[in-house]
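Residue-level listing of the chains:
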Amino acid sequence: MTLDRKESSNRFFNQLRESVDFIQKKTQHKPRIGLVLGSGLGSLADLIENPTHIPYTDIPHFFGTSIEGHAGKMVLGTLSSIPIVCLQGRFHYYEGYSMAQVVFPTRVLCALGIHTLLLTNAAGGINTRYRPGDLMIINDHLNLMGDNPLKGPNLEELGPRFPDLSEAYFKEGVAALKQSAEELKITHHLGVYAGLIGPTYETPAEVRMMRTLGADAVGMSTVPESIAANHLGVRVAGVSCITNLAAGLSPQKLSHQEVIDTSKAAGSSLTQLLSKVIPMLDSSANSA
Ligand code: HPA
C-alpha cells in the first residue's frame, strides 16, 4: 500500500499516515511479518529481540484494550532474526468498535510494509476430535459476524471492490505451519474457523449449526483482520489455540478465565511453532 500525498484529502489515509509516521519515528525496525497475539497468547512478545514497545494509548487513532488477557501494546523487533511487528492484544467488534476500527491496526501493520500477517486467537473446539490445548491451523473461515470491514465505499488505493478470498489463508502458509508442527511434534489440526461477534459464548444449538456448516472451531475475532489484510494483498496465516470444548460438548460451563488459563498453558507450543515458521514464511515471500 502506498501512502503518498495524493490521497491527503482523505481522512482515513491521513489517520493511517499519522499512525505509521508515529511508529516509524519510534523505531528503526522495518517489519516484514506482522503477528497478532490473541487472548492469553501475549507471552510470545517477550521473546522479541531488540524490542521497541509502544502502548496502544500512545499511537494516534488506536484505542486502549479493555479485555483481560490483552496487554494493549505494539512490539517491534526481531524473532528468529526476522524483523516483525507484533500486536499484543486486539480490538473486538463486541467491544463496540465499528468494523473499520477493528481492522485499523491490521491496516497499520500492512502500511508498515509487512508481506505476511500471522493471526492467532483463542477458540472453542467444535470438532469432537479437538481437545483443549490443541492448536488448529486455520485453512479457511466462515464469516458469521453479519458485517464486513469492507462495507461502504471502496478505497481503490487499498484494494479491489470485490476481493477474491479463495485463499484467505494462503496455501504455503498452511503447509509451512503444518510441516513445522509435525517437526516439533505439536498436537495440531487443520480446520475452519467460524467468527461470531460475541460477546456471549454460543448456545449448544448454535454449535450444532456451525458443525453442520463445516466449522471446526469458533471465536470472536480474526475474520475481519483476515479480510482487511487480504484486501490489501497481504498474505494471511492463522492459528487457533483450542482453549475449551464449544458449548454443549462438555458438562462444564464456559468462562473467560478458562480460556485465558488454557491459552497461557498452550502458549509455549504456539511460541515454538511461530518461531520456527516465521523464517519459512519470510523466505517464501522473498522467493515469490
Ligand atoms: N466460543 C467463542 N469464542 C471463544 C470460545 C468459544 O467457545 N473459546 C475461546 N473463544
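Note: the structure precedes this text.
Procedures and definitions
Residues numbered from 1 in each chain as written. Predicted model: local features only at pLDDT ≥ 70, side-chain atom pairs only at ≥ 80, totals over all residues. Heavy atoms only, no water. Helix = DSSP H or I, 4+ residues; strand = E, 2+ residues; numbered from the N terminus. Rg over C-alpha atoms; globule rule 2.2 N^0.38 Å. Buried < 20%, exposed > 50% of the residue type's maximum accessible area, 1.4 Å probe, protein only. Contact = heavy atoms within 4.5 Å. Areas by Shrake-Rupley, 256 points an atom, 1.4 Å probe, with all protein chains shown as cover. Lys, Arg positive; Asp, Glu negative; His and termini not counted. Charge placed at Lys NZ, Arg CZ, Asp CG, Glu CD. Axes fitted to C-alpha atoms, helices over the stretch in contact; angles between N-to-C directions. Parallel < 35°, antiparallel > 145°, perpendicular 65-115°, else oblique. Left-handed = near helix turned anticlockwise from the far one by under 90°. Nonpolar A, V, L, I, M, F, W, Y, C, P; charged D, E, K, R; others polar. Pairing = 2+ DSSP bridges. 1 Å grid on protein atoms, 1.4 Å probe; cavity = no way out; pocket = protein on both sides within 12 Å on 5 of 7 lines; lining within 4 Å. Points joined across faces, edges and corners; volume = space filled by probe spheres on them.

Some thoughts on the overall build of the protein chain
Next, step 1: Assigned secondary structure in the protein chain consists of seven helices and nine strands.
Next, step 2: Rg of the C-alpha trace for the protein chain: 18 Å, near the compact-globule value of 19 Å for 288 residues, within the 12% margin.
Next, step 3: Along the first, second and third principal axes, the C-alpha set of the protein chain runs to 55 × 40 × 35 Å.
Next, step 4: Taking all 288 residues of the protein chain together, 56% fall into the buried category.
Next, step 5: Contacts spanning at least 24 positions in sequence make up 81% of the contacts within the protein chain whose residues lie at least 6 apart.
Next, step 6: For the protein chain, the accessible surface area stands at approximately 12200 Å², while carbon and sulfur atoms represent 52% of it.
Next, step 7: Put simply, the protein chain has 24 plus and 26 minus side-chain charges, and the middle of one group is 1 Å from the middle of the other.

Examining the packing of helix H4 (residues 171–183) against helix H7 (residues 256–287)
Next, step 1: It is at 9 Å that the axes of H4 and H7 come closest, and there the two elements cross at 140°. Judged by the inter-axis angle, H4 sits oblique to H7. The two elements H4 and H7 meet at a crossing, and its hand is right-handed. Residues Gly173, Ala176, Leu177, Gln179, Ser180, Ala181 and Glu183 of H4 form the contact with H7, whose own contacting residues are Leu273, Lys276, Val277, Met280 and Leu281.
Next, step 2: Of the residues that constitute the contact of H4 with H7, the class distribution is seven nonpolar, three polar and two charged.

A word on the pairing of strand S4 (residues 82–88)
Next, step 1: A large share of S4 lies buried, amounting to seven of its seven residues.
Next, step 2: In the sheet, strand S1 (residues 33–37) pairs with S4 via five bridges, with the strands oriented parallel. Residue Ile33 lies in a different strand from S4, and its bridge partner there is Ile84.
Next, step 3: Two elements, strand S3 (residues 73–79) and S4, share seven bridges in a ladder whose sense is antiparallel. If you follow Gly77 over to S4, its bridge partner there is Ile84.

Concerning the layout of surface pockets
Next, step 1: Considered as a void within the structure, the largest pocket measures approximately 320 Å³ in volume.
Next, step 2: Every residue lining the largest pocket is counted, 21 residues in all, and those nearest its centre are Ser39, Ala122, Tyr201, Met220 and Val259.
Next, step 3: Secondary structure elements with two or more residues in the lining of the largest pocket: strand S5 (116–125), strand S8 (217–219), strand S9 (235–245) and H7.
Next, step 4: Among the elements that take part in the lining of the largest pocket, S5 stands out by supplying four residues, more than any other.
Next, step 5: Of the residues assigned to the lining of the largest pocket, the class counts are nine nonpolar, ten polar and two charged.

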